[in-house]
Amino acid sequence: MEDDGRMCDGALPYGERQGASGAKTPGEGVPGDGTAGRSWAGHEGPVRQGSAPLSSAHAGPGRGVSGHGPTGCGGARDVCRGRSGDAPLMQGIGEGVRRAFPIVLGYVPVGFAFGVLALKSGIPAWGALAMSLFVFAGSGQLIAVGLIGGGAPLASVVLTTFVVNLRHLLMSAALAPRLRDWGLLRQALFSAEMTDETFAVHVSTLRGEADDPSRAAVFACNVTAHAAWVGGSALGVFCSTLVADVRPLGLDYALAAMFIALLLPQCRSRAHLFAALVAGACSVGFALSGAGRWNVMLATVCAATLVSLLPVGKTSTTREEMGTPGGEGGAHAD
Amino acid sequence: MLTDEQIILCIAGMATVTYLPRVLPMALLASRPLNPALARWLGFVPASVLAALLAPDLLLRDGALHVAADNLYLLAAVPTLLVMRFTGSSFRTVAAGMATVAAGRLVFGLP
């Protein structure tokens, strides 16, 4: 594979660029790299440059070695295909599964908790599993189960689910420009598995690629996350009588830790950091002032509107857009 | 106790109201070029929505502001942030966060 990769890198200028940017893995550039601003710029470097089919900068394990081989090959797969057949596709799938690792770590315990609570609130095992399979919305399902257990009318359960999950409207809109060349069917399939967590992974890895290995990686990540959610629910359903406490292992912190991991790379400019701080403060403020489950959505709209009206980030956004290779201008959301 | 029909109806309703907000913006926005102002606005959505999801987890307990030395979630955010900052690996970050919370409970007896 080493030889294949090198051959591809040499064969096309595109591959060469990938090789060059991949040589310094994103993580390596960070420690001891001076100020926050500078090292974040270094961190983002390979991703920005890479309209790479599989830019795995934030994808976690294996980003060094495997981020390199598959990328070179995926980009030049016409050259590679003669020798390695479906290898780029398989590598795409493997890459997608790796991206889903941190999600799996968070979904299994939360899914477990959902399974336990669902049975305790009188939902049969098949109902709990069907809900995880067809609804696939962590917090929405947990709240719905709480309402059902409390004897709320079904219409109010559905309405609350709608309100809780309405924030996906914004995430879907934010990802739309990057999936523009995917076709309606793929977009529809992708949307079915777009949760807070898969959104956050894709928003930091996806740059508008529309080649098969990149799509395979995206769908492999989504299907792995979905399987972890259904699997965790199944564990909870079957172990509901044991009522294991997940707290001694710190499993209840998995999702918060993952939001931290996903938020940090998003704060790539002062304007984005400011947006995050405003959104966090608003979200807490709205939650305290009785906005109930609307707080996430209201806070997001307030922060994005406020910061996008400020003149501050404007120059840097323009520069970023112009610096994006493939030059789709305003098409990229960031 | 709910009947099977009620459960099926409930799941179908939940699935529908969850799927529509996920698919409609994608289907409607992806096919046309975005207005630059909207594109700029959407560019701030990922950071905002993640922070809006995270902040209440760290700062609220039982619906009230809880900024104190025994707020384990808030304390654990510090090493978690540092691991992400210096390794760039979300997997290690999640592991570090969970380990910190587990250690805080086992060693220091925090809630």
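Everything in this summary refers to the structure shown in the same document. Remember, predicted model here, so these are calculated numbers, not experimental data.

**Observations concerning the overall build of chain A**
Right, on to step 1. Along chain A, the regular secondary structure elements total 18 helices and zero strands.
Right, on to step 2. With 334 residues in all, chain A has 55% of them scored as buried.
Right, on to step 3. If you take every contact in chain A between residues at least 6 apart in sequence, the share linking residues at least 24 apart comes to 76%.

**Examining the interface of chain A and chain B**
Right, on to step 1. Taken together, the 111 residues of chain A in the interface contact 72 residues of chain B.
Right, on to step 2. When the two sides are added together, the surface that chain A and chain B hide from each other amounts to roughly 7600 Å², 75% of it contributed by carbon and sulfur.
Right, on to step 3. Of all residues in chain A, the largest losses of buried area upon contact with chain B belong to Leu154, Tyr253 and Ile260 of chain A, amounting jointly to 9% of the total for that side.
Right, on to step 4. On the surface where chain A and chain B come into contact, there are zero salt bridges.
Right, on to step 5. For the pair chain A and chain B, the interface holds 17 residue pairs in polar contact (both at pLDDT 80 or more).
Right, on to step 6. A class-by-class count of the residues in the side of chain A that touches chain B yields 73 nonpolar, 30 polar and eight charged.

**Overview of the environment of arginine 105 of chain B**
Residues and elements named next belong to chain B.
Right, on to step 1. Among the secondary structure elements, arginine 105 is positioned in helix H5 (residues 90-107).
Right, on to step 2. Residue classification places arginine 105 among the buried residues on the basis of a relative accessible area of 13%.
Right, on to step 3. For the pair formed by arginine 105 and leucine 72, sequence separation is 33 residues and the distance between their alpha carbons is 8.4 Å.

**Let's talk about the environment of alanine 113 of chain A**
Residue and element names in this part refer to chain A.
Right, on to step 1. Relative to the helices and strands, alanine 113 resides in helix H7 (residues 87-120).
Right, on to step 2. The exposure class assigned to alanine 113 is partly exposed, which follows from its relative accessible area of 29%.
Right, on to step 3. Here the alpha-carbon distance between alanine 113 and serine 233, two residues 120 residues apart in the chain, equals 7.4 Å.

**A word on the packing of helix H17 (residues 295-309) of chain A against helix H3 (residues 45-59) of chain B**
Right, on to step 1. In the contact formed by H17 of chain A and H3 of chain B, the axes pass within 9 Å of each other and the chain directions differ by 140 degrees. Put simply, H17 of chain A runs oblique to H3 of chain B. Where H17 of chain A crosses over H3 of chain B, the two elements pack in a sense that is right-handed. Taking contact as the criterion, the partners of Asn295, Val296, Ala299, Thr300, Ala303 and Ala304 of chain A in H17 of chain A are, on H3 of chain B, Val45, Ser48, Val49, Ala52, Leu53 and Pro56 of chain B.

**Here's the deal with the pattern of salt bridges**
Residue and element names in this part refer to chain A.
Right, on to step 1. Within this structure, the stated rule accounts for four salt bridges over all chains.
Right, on to step 2. Taking the shortest distance from any N to any O, the salt bridge between arginine 98 and glutamate 95 comes out at 3.5 Å. Of this pair, arginine 98 and glutamate 95 both sit in helix H7, three residues apart, roughly one helical turn.
Right, on to step 3. Note that arginine 99 and glutamate 95 form a salt bridge whose closest N and O atoms lie 3.2 Å from each other.

**Some remarks on the packing of aromatic side chains**
Right, on to step 1. Tallied over the full model, the rule gives six aromatic pairs over all chains.
Right, on to step 2. Both rings, one in tryptophan 182 of chain A and one in phenylalanine 190 of chain A, keep their centres 6.2 Å apart while their planes meet at 75 degrees; by these two values the pair is edge-to-face. For the pair shown, tryptophan 182 of chain A and phenylalanine 190 of chain A are each scored as buried.
Right, on to step 3. One residue, arginine 215 of chain A, lies across the ring of tryptophan 182 of chain A, its end atom 5.6 Å from the ring centre.
Right, on to step 4. A cation over a ring is seen here: arginine 85 of chain B above phenylalanine 86 of chain B, with NZ or CZ 4.9 Å from the ring centre.

What counts as what
- Residues numbered from 1 in each chain as written.
- Chains lettered and ligands numbered in written order.
- Predicted model: local features only at pLDDT ≥ 70, side-chain atom pairs only at ≥ 80, totals over all residues.
- Heavy atoms only, no water.
- Helix = DSSP H or I, 4+ residues; strand = E, 2+ residues; numbered from the N terminus.
- Buried < 20%, exposed > 50% of the residue type's maximum accessible area, 1.4 Å probe, protein only.
- Contact = heavy atoms within 4.5 Å.
- Buried area = accessible area lost by both parts, 1.4 Å probe.
- Salt bridge = Lys/Arg side-chain N within 4 Å of Asp/Glu carboxyl O.
- Polar contact = N/O pair within 3.5 Å; in protein donor to acceptor, adjacent residues only side chain to side chain.
- Nonpolar A, V, L, I, M, F, W, Y, C, P; charged D, E, K, R; others polar.
- Axes fitted to C-alpha atoms, helices over the stretch in contact; angles between N-to-C directions.
- Parallel < 35°, antiparallel > 145°, perpendicular 65-115°, else oblique.
- Left-handed = near helix turned anticlockwise from the far one by under 90°.
- Phe/Tyr/Trp six-rings, centres within 6.5 Å; stacked < 30°, edge-to-face > 60°.
- Lys NZ or Arg CZ within 6 Å of the ring centre and 35° of its normal.

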